[in-house]
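Residue-level structural notes
Residue-level listing of the chains:
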Amino acid sequence: MSIATTTRFSVLDRSRTREGRDGPEALRDTVAFARAAEAFGYHRFWVSEHHGVPGVAGSAPTVLAAAVAAATSTIRVGTGGVMLPNHQPLVVAEQFGVLEALFPGRIDMGLGRSVGFTDGIRRALGRDKRDADDFAGQLGELLGYFTGTQTAHPQVHARPAEGMRIPAFVLATGRGARIAAEAGLPLVIAAVRGEDAMLRAIEDYRRAFRPSAWGERPYVMLSGTVAVAATSEEARRLLLPEAWSAAYSRTHGVFPPLAPVEKVLATRGTDRERALFDESLRGHLAGTQEEVSAGLEKLLARSGADEYLVTTSTYDRTALLDSYRRLAAVLGLREGRPSHGPA
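Every residue gets a number counted from 1 within its own chain, in the order that chain's sequence is written. At least 70 in pLDDT is required for a residue's local features to be given in this predicted model, at least 80 for side-chain atom pairs to be given and counted, and no such filter applies to totals for whole chains, interfaces and linings, which use all residues. Side-chain figures throughout are based on the complete set of non-hydrogen atoms in the structure, without hydrogens or water.

1. Remarks on the nonpolar core
By size, the foremost hydrophobic cluster in this structure holds 74 residues, and its most contacted members are Y42, F146 and Y308. In terms of nonpolar packing, the next biggest core, distinct from the first, is built from 13 residues, A247, A259, V261 and L276 among them. Within this scheme, the nonpolar core is defined by two criteria: the residues are buried Ala, Val, Leu, Ile, Met, Phe, Trp, Tyr or Cys, and they are joined through side-chain atoms within 4.5 Å. Three exposure classes are used, based on accessible area relative to the maximum for each residue type with a 1.4 Å probe and protein chains only: buried under 20%, partly exposed in between, and exposed over 50%.

Here you go:
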């Protein structure tokens with residue numbers, strides 16, 4: 001039996017907007033996507049948090065998670081993630097407590113340490129970059145509201161969160177991975193600085209892991225793009241809209257809505273934009289079912305990961321769903337999933 005078919009696979013959707021379609025439609029598409037992911041057999045469906053970004057509609061992840069959970073029945077639902085430095089830990093605990101009360105046994109609490117996308121957004125949120133420096137403290141306070149042991153605000157209790165044990169995950173690289181280890185929480189990590197750097201962070205996380213009430217052993221969830229199509233070229237085309245959006249964001253400071261592949265191919269751009277575009281196309285798993293299966297086997301063997309969070313976005317939603325359907329077939333998701341580790 002292959003490693004991939006004994007590994008959990010989940011989905012993160014960032015509610016990307018598309019040219020000619022507005023944000024409300026993107027949010028409704030996310031809910032429809034969640035229903036499809038459940039039918040395909042994926043383990044979790046997570047949504048993200050972005051503020052003031054033209055190309056991303058998902059600004060309120062706990063609200064969107066409630067809509068997703070209401071529209072599905074078996075798939076776990078969570079956030080990838082709530083950016084904790086943007087919020088008061090008490091409010092985050094209360095929101096997840098309400099979610100768990102409404103959808104018991106299906107809610108995940110993915111947490112990140114990013115603070116806004118631009119200085120203007122950070123000011124509007126009442127935050128600055130330094131707020132991310134106390135992520136460990138914010139995390140400890142948040143978890144304390146669930147256990148009833150937080151000391152930052154004596155005699156303050158989060159209702160109905162107190163007493164609940166919602167699976168918590170830390171989205172991190174490098175330093176954040178050490179915070180996850182010291183808190184005894186699962187780690188969600190992507191190869192944003194390259195695969196070797198990611199693997200070193202995973203090794204550091206496992207060495208530093210301290211068993212806690214939230215986890216007895218290290219749990220690693222890889223995060224990345226996986227595109228599957230009938231041919232290698234078709235799979236590569238799926239990557240083009242997101243790659244161009246990423247290149248544009250690094251030269252203009254905003255993520256634009258996803259553009260059709262034909263428009264991306266017709267756009268010349270500056271030399272720097274083309275270089276960033278080419279860079280954004282690297283490091284992903286894309287190809288036929290056989291090619292992607294082989295790539296996953298190598299990556300999962302190298303990392304020893306417990307789970308893989310697929311984050312693919314593209315302009316063509318029909319092709320996107322087909323990619324996730326093909327991947328599910330590669331993994332045999334409808335045949336049942338492993339039961340070890342966090343719910």
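Back to the write-up after that little detour.
2. Things to note about helix 1 (residues 23-40)
Helix length check: helix 1, at 18 residues, gives a terminal C-alpha distance of 25 Å against a target of 26 Å (1.5 Å per residue), a fit within 8%. Strands here mean DSSP runs of E at least two residues long; helices mean DSSP runs of H or I at least four residues long; both are numbered from the N terminus. Taken residue by residue, helix 1 has A26, D29, T30, V31, F33, A34, A36, A37, E38 and F40 as its buried positions. Whether two residues are in contact is decided by their heavy atoms: any pair within 4.5 Å suffices. Those residues of helix 1 hidden inside the fold are in contact with strand 1 (8-13), strand 2 (44-47), helix 2 (61-71) and helix 12 (317-331). The opening residue of helix 1 is D22, an N-cap whose side-chain oxygen sits 3.0 Å from the backbone nitrogen of E25. Note on helix 1: the residue one or two positions beyond its end, G41, has a positive phi of about 105°. The length a helix should cover is 1.5 Å for every residue beyond the first. Polar contact is defined as a pair of N or O atoms within 3.5 Å, subject to the rule that within protein one atom must be able to donate a hydrogen and the other to accept it, and that residues adjacent in sequence are counted only when both atoms are side-chain atoms.

3. Digging into the packing of aromatic side chains
Here the distance between the centres and the angle between the planes together describe a pair of aromatic rings. Geometry of aromatic contacts follows a simple scheme: Phe, Tyr and Trp rings, the Trp one being its six-membered ring, pair when their centres are within 6.5 Å, and the pair is stacked under 30 degrees between planes, edge-to-face over 60, tilted otherwise. One pass over the structure, following the stated rule, counts eight aromatic pairs. Ring geometry for F9 and Y308: centres 5.6 Å apart, planes at 15°, overall stacked. Note that F9 is positioned in strand 1 and Y308 in strand 11 (residues 307-310), a separation of 299 residues in sequence. Three or more aromatic residues joined by ring pairs form one cluster here, namely F33, Y42, F45 and Y324.

4. Some words on helix 8 (residues 232-252)
Its 21 residues place the ends of helix 8 31 Å apart at the C-alpha level, agreeing with the 30 Å of an ideal helix rising 1.5 Å per residue. To get the bend at a residue, fit one axis to the 7 residues ending there and another to the 7 starting there, then take the angle between the axes. Considering bend angle alone, the principal kink of helix 8 is centred on L240 and spans about 30°; proline P241 follows within four residues of it. Looking only at helix 8, the buried set comprises A235, L238, L239, L240, P241, E242, A243, W244, S245, A246, A247 and S249. Against the buried residues of helix 8 lie strand 9 (226-228), helix 9 (261-266), helix 10 (271-280), strand 10 (285-287) and helix 12. Just downstream of helix 8, G253 is the residue with a positive phi angle, here 85°.

5. Regarding the pairing of strand 6 (residues 168-171)
Looking along a regular strand, one sees the side chains alternate between the two faces of the sheet. Every second residue of strand 6 is oriented toward a common face, with A168 and V170 on one face and F169 and L171 on the other, all of them buried. One bridge is not enough; two strands pair if DSSP finds at least two bridges between them. Across three bridges, the pairing between strand 5 (residues 107-112) and strand 6 is parallel. Bridging from a neighbouring strand, L111 pairs with V170 of strand 6. Here the term right-handed applies to a crossover when the path leading from its first strand over the helix to its second strand runs clockwise, the strands being oriented away from the viewer. You can see the chain leave strand 6, run along helix 6 (residues 175-183) and come back into strand 7 (residues 187-190), and the turn it takes is right-handed.

6. Quick look at the pairing of strand 11
Burial along strand 11 is two-sided: E307 and L309 and Y308 and V310, pointing in opposite directions, are all buried. Across four bridges, strand 8 (residues 220-224) lies against strand 11 in parallel orientation. Within strand 11, the position partnered with S223 by the bridge is L309.

7. A look at the side chain of N86
If you trace the backbone, N86 turns up in the loop between strand 4 (82-83) and helix 3 (89-102). Residue classification places N86 among the buried positions, given a relative accessible area of 7%. Within the structure, N86 has its side chain in polar contact with the side chain of E49 (distance 2.9 Å).

8. Remarks on the pattern of salt bridges
Basic side-chain nitrogens of Lys or Arg form a salt bridge, by our definition, when they fall within 4 Å of a carboxyl oxygen of Asp or Glu. Overall, the coordinates contain 18 salt bridges when judged by the stated rule. A salt bridge links E19 to K263, with the nearest nitrogen and oxygen atoms 2.9 Å apart. Separated by 244 residues along the polypeptide, E19 in the loop between strand 1 and helix 1 and K263 in helix 9 bring together distant segments of the chain. We note a salt bridge from D322 to R326, for which the minimum N-O separation is 2.7 Å. Remark: R326 and D322 occur in helix 12; sequence separation between them is four residues, near one turn of the helix.

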